[in-house]
Amino acid sequence: MEVLIYLIPIALFLGGAGLVAFLWSLRSGQYDDMEGPKWRILDDGDLQENSAPVEAAKRKVS
Amino acid sequence: MSAPERDWAAFVTNTDDGKAHMDLAVDGITCAACMYEIERGLQKLDGVEKARVNLSSHRLSVDWDGEKTNPSPIVDLLQRLGYKAYPFDPAQVKSRGDAVGKEILRALAISGFAAMNIMLLSISIWSGNASDIDPETRSFFHWISALIALPTVVYSGRIFFRSAYMAVKTGRLNMDVPITIGVLLATGLSMWQTVQEAEHAYFDSAVMLLFFLLVGRYCDHLMRRKTRSFAENLATLKAESAAKIQEDGSALDVPLSKLSVGDRVLVRAGERISVDGKISTGISEVDQSLVTGETLLQPVGEGDLVYAGTMNTYGVLEIEVTAAAKGTLLDEVNRLLETAMEGRSKYVHIADRASQLYAPVVHAAALLTLVGWIMLGMAWQPALVIAISVLIITCPCALGLAIPAVQVVASGLFFNERVLLNAGDAIERLATVDTIVFDKTGTLTLPETSLSEKHDLSADQLELAGRLALSSSHPLSQAIARATGAQQALPDAKESAGKGVEAIIDGVPAKLGSPAFCGVSDEQLDQAKVLQPDASFVAFQLGDKAAQLLSVGQFMREGATDTIQKLKTAGFTIEILSGDHKGAVEHAARVLGVETWQAAMKPQDKIDHIEELKAQGKKVLMVGDGLNDAPSLAAANVSISPVSAVHVSQAAADAVFLGDSLAPVMSALTISKKARWVMNQNLAISVVYNMIAVPFAVLGFVTPLVAALAMSGSSIIVTLNAVRLRMLAGSSTQPNSEA
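What counts as what
Residues numbered from 1 in each chain as written. Chains lettered and ligands numbered in written order. Predicted model: local features only at pLDDT ≥ 70, side-chain atom pairs only at ≥ 80, totals over all residues. Heavy atoms only, no water. Axes fitted to C-alpha atoms, helices over the stretch in contact; angles between N-to-C directions. Helix = DSSP H or I, 4+ residues; strand = E, 2+ residues; numbered from the N terminus. Parallel < 35°, antiparallel > 145°, perpendicular 65-115°, else oblique. Left-handed = near helix turned anticlockwise from the far one by under 90°. Contact = heavy atoms within 4.5 Å. Nonpolar A, V, L, I, M, F, W, Y, C, P; charged D, E, K, R; others polar. Buried area = accessible area lost by both parts, 1.4 Å probe. Salt bridge = Lys/Arg side-chain N within 4 Å of Asp/Glu carboxyl O. Polar contact = N/O pair within 3.5 Å; in protein donor to acceptor, adjacent residues only side chain to side chain. 1 Å grid on protein atoms, 1.4 Å probe; cavity = no way out; pocket = protein on both sides within 12 Å on 5 of 7 lines; lining within 4 Å. Points joined across faces, edges and corners; volume = space filled by probe spheres on them. Pairing = 2+ DSSP bridges.

Peer 1: How would you sum up the packing of helix 1 (residues 32-44) of chain B against helix 2 (residues 71-81) of chain B? Please name residues and give values.
Peer 2: Residues and elements named next belong to chain B. Between helix 1 and helix 2, whose axes approach to 10 Å, the crossing angle comes to 140 degrees. Considered as vectors, helix 1 and helix 2 are oriented oblique to each other. For the element pair helix 1 and helix 2, the recorded crossing hand is right-handed. Counting all contacts with helix 1, which are made through E37, I38, G41 and L42, the residues of helix 2 involved are I74, L77, L78 and L81. Of the residues contributing to the contact of helix 1 with helix 2, the split by class is 6 nonpolar, 1 polar and 1 charged.

This is the structure we're talking about:
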């Protein structure tokens, strides 16, 4: 059973890493807005610089 | 008439890295597209560093370089995009983040981590105990559990320990007292067992208990945060600021918190007065309906007192801010409000009432167990272990979740029905109501004046009247302009302050104004007043033809008659108590079919009447909006305000309803009745659970495994039962039917 000497700290470390990640996300304000982020992934506003082909396609459609 | 410049410095704070920062409440954000539009628009402004919309709270946070730009273009841009925005007064929004929520969430995360890891070790011990674990390994596992549990109990338990300490210090008993005793005893006993290298330790129970209770606590907090942030937005969007007159005579728009007694404030025609004070120059008529319930306009002049919430009609007033002076209405309201609030604080929440019954019983049972086993000849140490296990298994885990879980589900349903709760316990108090007292002005009727459809004007004439009305800032004219949807003012319209507007159209003179201004005879006016006692009259005259009357007034809310009928059918006693004059109240009562009504009530009269009803054993719901209603809102068993109510009344009410319809009052009562039913079920489940568990514990059969199963089992059952409320209520209410 000596293997427990290694396994238990490893288990605790992994759990602790999860805890630290959660506390970090909480501190950095990721829980302040539970609605917005799911929509932000659909926002293409950051692609504007090289969106010429898209714009061209849009013109064709309209 | 340009708006006075705004004093931005009062709204802007500086961030740590030297940027200017402002938080704004934004009205009109309905979907994600609004979010992109606002953020992208603002990012393009020169000097704006960061703009982020919070889609859940409908708030915008902007950081900019103070040297490159100022807030004016930011607010102007939002205006152009079609959003009404107003910055938060930093003095009123205490902390930017949700500090309490984050503390609970951190405690929850840590107890969750600890509960999982200790359970991992505990399961090994339980299965080992059943097979062949050697005492060294078990002791090792217990020590690791202790190492995880002790800091967790200290950190995550603080929230409960603090509240229990406060309760005991003031000589009360709340739910947190038995929780604290249970958790501390479970941890202490386990520690002792660990040192003794005994077979059982209850670290998992102690930590899991904290985890479940923190879930309940967080739910409770979420519910409050949602309504509070919504209420804060509404208050901010009302833009409660005042045009303060500077030393050089110019006017500067400042938030109310920056005004002090003695400052002078400018109120232009058609503006709402936002301070209490004495008129130093100017004459006008004020609409006091929001303050006293009186619908007739009141002439005021130099030296007269005016109250925040009243509407200035035609004159420009300069008002000196005064504190509530003795003998004024405001002073009386404040005094009555204080007394009424004291009375309300005597109410004890169901959960605390339950724990007041519960704690002594459970603690006595534990003591009897200890004494009983010792008398039966057991050594004191194992007897103490059994007694403590009684306390552990009865620790009010299910009881701690029973009420908050229902409150969270119910407040979600309230939200769908456009009712915001100020107090979580309002649900339990609403459920017992049997008598409903309504205020008339602004509650049964709409807070804004509107144009009645009973008139003889043709569509063309009405349009003309609307265009004439645009040239006047008088509230009655504005109501006509709104109703006709007029866009273009007539170019040569002249306004005679306090009388009316006239213009010449194609050579024909047209007049819109007071009946006397248009030459309406007193007889004709009196006849009209008999037909519509609750209206004010505006006359319209084209050329030499006889003038025609338009009635403008605060008419019934949408669905008022319907809601009152439904409430009567549901068995509630309905009364109207109004500060308005007799004719108007009588008319409203007749239209709505309410038999019991009283007019010209002062705040004290309203309270006396409510106290009388309470003395008869009735449970009174007060629905009101005016400053004169505030004390009675606090005096009633429970109270609701429309969102248009004055600030003081909204703060005194237990719930606020949105929109122009009166229907939310009915839904609130229906939902709370069902919620109360589920709360009672949950309390019953907790009691049954204890009745089964306690005999086992007293006999000494409760191992840590049994404690863990019983505790999580009861918590889950109670939570699931609360969720069932959604189905119960969903069958009879129609969420979003008017949204």
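Peer 1: Tell me about the interface of chain A and chain B, and name the residues and values.
Peer 2: Accessible area lost upon the coming together of the parts is a frequently used measure of interface size. With 23 residues of chain A at the contact, the number on the chain B side is 24 residues. Buried area between chain A and chain B, summed over both chains or domains, comes out near 2000 Å², and the portion from carbon and sulfur atoms is 68%. For chain A, the biggest contributors to the area lost against chain B are L12, L26 and R40 of chain A; these three give 27% of the whole. For the pair chain A and chain B, the number of links is 2 salt bridges. In this structure, D32 of chain A engages K102 of chain B in a salt bridge whose closest nitrogen and oxygen atoms are separated by 3.9 Å. Counting every contact that joins chain A to chain B gives 5 residue pairs in polar contact (both at pLDDT 80 or more). If you list the elements that add at least two residues to the side of chain A that touches chain B, you get helix 1 (4-27) and helix 2 (36-40) of chain A. In terms of residue count, helix 1 of chain A provides more of the side of chain A that touches chain B than any other element does, 11 residues in total. Class assignment for the residues of the side of chain A that touches chain B results in 11 nonpolar, 6 polar and 6 charged.

Peer 1: Account for the layout of surface pockets, naming residues and giving values.
Peer 2: Residues and elements named next belong to chain B. Here the second largest pocket is characterised by a volume of approximately 660 Å³. Forming the boundary of the second largest pocket are 28 residues, of which E285, L297, L476, S514 and F537 lie nearest the centre. Here the element with the most residues in the lining of the second largest pocket is strand 22 (residues 535-542); it accounts for 4 residues.

Peer 1: Break down the pairing of strand 20 (residues 500-505) of chain B for me, with residues and values.
Peer 2: Residues and elements named next belong to chain B. Bridge count between strand 19 (residues 494-496) and strand 20: 3 bridges; the pairing is antiparallel. Among the inter-strand pairings, E495 is bridged to a residue of strand 20, identified as V501. Hairpin connection from strand 19 to strand 20: 3 residues lie between these consecutive antiparallel strands, with G498 at a positive phi of about 80 degrees. One ladder, built from 6 bridges, connects strand 20 with strand 21 (residues 508-513); its direction is antiparallel. Bridge pairing in strand 21 links A503 to A510. Hairpin geometry of strand 20 and strand 21 is characterised by an intervening segment of 2 residues between the two adjacent antiparallel strands and by a positive phi of about 50 degrees at D506.

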